[in-house]
Amino acid sequence: MLLEIRHVTQYHYERPVRESLMELWMQPQKTARQRLVSFELDLEPAAQVFSYADSFGNAVYHFDVPQPHDKLTIIARSAVETEPTGERPAHLDMGEWDRLRSEFVRGECFDFLRPHGFVETTEALRGFIKSHDLDDLKRRDPLTAVRTLSETIYKAFDYQPGVTDADSPIDLALEAGSGVCQDFAHIMLAVCREWGIPARYVSGYLFTDRDAGDRSDPDATHAWVEVFLPSLRWVGLDPTNNMMTSERHVAVAVGRDYADVTPSRGVYKGNAESQLAVGVTVRRARAAMAEPEFLRMARPSFAGGRRRPDAVLKQELHQQQQQQQQ
């Protein structure tokens, strides 16, 4: 499937700020089942862009806008060709639990076995596990267990934007019984790690299909979970939409939780509040695309997105707002 993605992020400031420094996790991955055809960034004001690979292998872009500005616009355009996921077995043998406890797995996946940031075992999570008899799933093979866990989260929570924010702990969604993909991914990660199954957060996009029952927002970034099963390696599950990942999922970055792979984050200098506007479109490409480009800086342009006021720090150096993954 050939997909075109347009991701617009705009920061508005109530008065000009003196400088902005930003980091972006927006370039889709290059993997065996996902070919990055092209990627480009438009910035307004224009800035020189640098890149590096973070500790998880994600492509990160960073730039500095050193002159006064009252608006910062970032437009990321991507073209990605995805392949259907290979056929998966219906289940695994029970020996997979022993393989998960091996020294190799525990060393190779150390970062994805521990609580971190938003992914932690709280009293509310323990209550959720108990009320849904989730620990009973450990009597089944790990693949069946994580599939059933994903389905349980899908059925237990309503999809409702606005209940939580980008920095909300999992307890807020657990108590409300609703949230968005970011919350569901964090809850699933916490349970999997509690079971001893390595699990990582995946930030990306979904080509939404309402006829297939997708309930996530088609105009926002998306998030799901990948679990490591020694017999299959990394396996993707989307608890928001009760499905295994497919060619409609485009992975951008992986990490321990959302904070590792925030689509955009940074700081600015100045005594001004800010507002964040975000818009995402994912559509099927009409024709074949050119060969891969790592980065091309294009002429600055702008397209509007949704506006959502966030709290900002009343200090000389302000943290840029973040968008919640839905």
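Before reading further, recall that the structure is shown in the block above.
What counts and how
Residues numbered from 1 in each chain as written. Predicted model: local features only at pLDDT ≥ 70, side-chain atom pairs only at ≥ 80, totals over all residues. Heavy atoms only, no water. 1 Å grid on protein atoms, 1.4 Å probe; cavity = no way out; pocket = protein on both sides within 12 Å on 5 of 7 lines; lining within 4 Å. Points joined across faces, edges and corners; volume = space filled by probe spheres on them. Helix = DSSP H or I, 4+ residues; strand = E, 2+ residues; numbered from the N terminus. Nonpolar A, V, L, I, M, F, W, Y, C, P; charged D, E, K, R; others polar. Phe/Tyr/Trp six-rings, centres within 6.5 Å; stacked < 30°, edge-to-face > 60°. Buried < 20%, exposed > 50% of the residue type's maximum accessible area, 1.4 Å probe, protein only. Lys NZ or Arg CZ within 6 Å of the ring centre and 35° of its normal.

Colleague: Before we move on, could you go through empty space enclosed by the protein and cite the residues and values that matter?
Modeller: A full pass over the atoms with the stated rule returns two cavities of 30 Å³ or more. Looking at the largest cavity, its volume works out to about 50 Å³. Lining of the largest cavity is provided by Tyr205, Leu206, Thr208, Ser216, Asp217, Pro218, Ala220, Thr221, His222, Val280, Val282 and Gln326. Where the lining of the largest cavity is concerned, the elements lending two or more residues are strand S9 (199-206) and strand S15 (274-284). When grouped by side-chain class, the residues that make up the lining of the largest cavity number six nonpolar, five polar and one charged. Considering only enclosed or pocket space, the second largest cavity measures out at about 30 Å³ in volume. Every residue along the wall of the second largest cavity is listed here: His7, Trp25, Met26, Ser203, Gly204, Tyr205, Thr221, Val252, Pro263 and Gln325.

Colleague: Tell me about the packing of aromatic side chains, and please be specific about residues and values.
Modeller: Tallying each qualifying case throughout the model produces nine aromatic pairs. When the ring of phenylalanine 112 is compared with that of tryptophan 234, the centres are 5.7 Å apart and the planes differ by 90 degrees; the resulting orientation is edge-to-face. Note that phenylalanine 112 is positioned in the loop between helix H2 (103-108) and helix H3 (123-131) and tryptophan 234 in strand S11 (residues 233-238), a separation of 122 residues in sequence. Residue tryptophan 234 is classed as partly exposed on the basis of its relative accessible area of 26%. Residues phenylalanine 157 and phenylalanine 184 carry aromatic rings whose centres are separated by 5.7 Å and whose planes lie at 40 degrees to one another, so their mutual orientation is tilted. Taken as a pair, phenylalanine 157 in the loop between helix H4 (142-156) and strand S7 (158-159) and phenylalanine 184 in helix H6 (residues 181-195) lie far apart in primary sequence, 27 residues in all. Grouping residues by exposure puts phenylalanine 157 and phenylalanine 184 together as buried. These aromatic residues form a ring-pair network of at least three members: Phe56, Phe112, Phe228 and Trp234. Against the face of tryptophan 234 rests arginine 200, its NZ or CZ located 3.9 Å from the ring centre.

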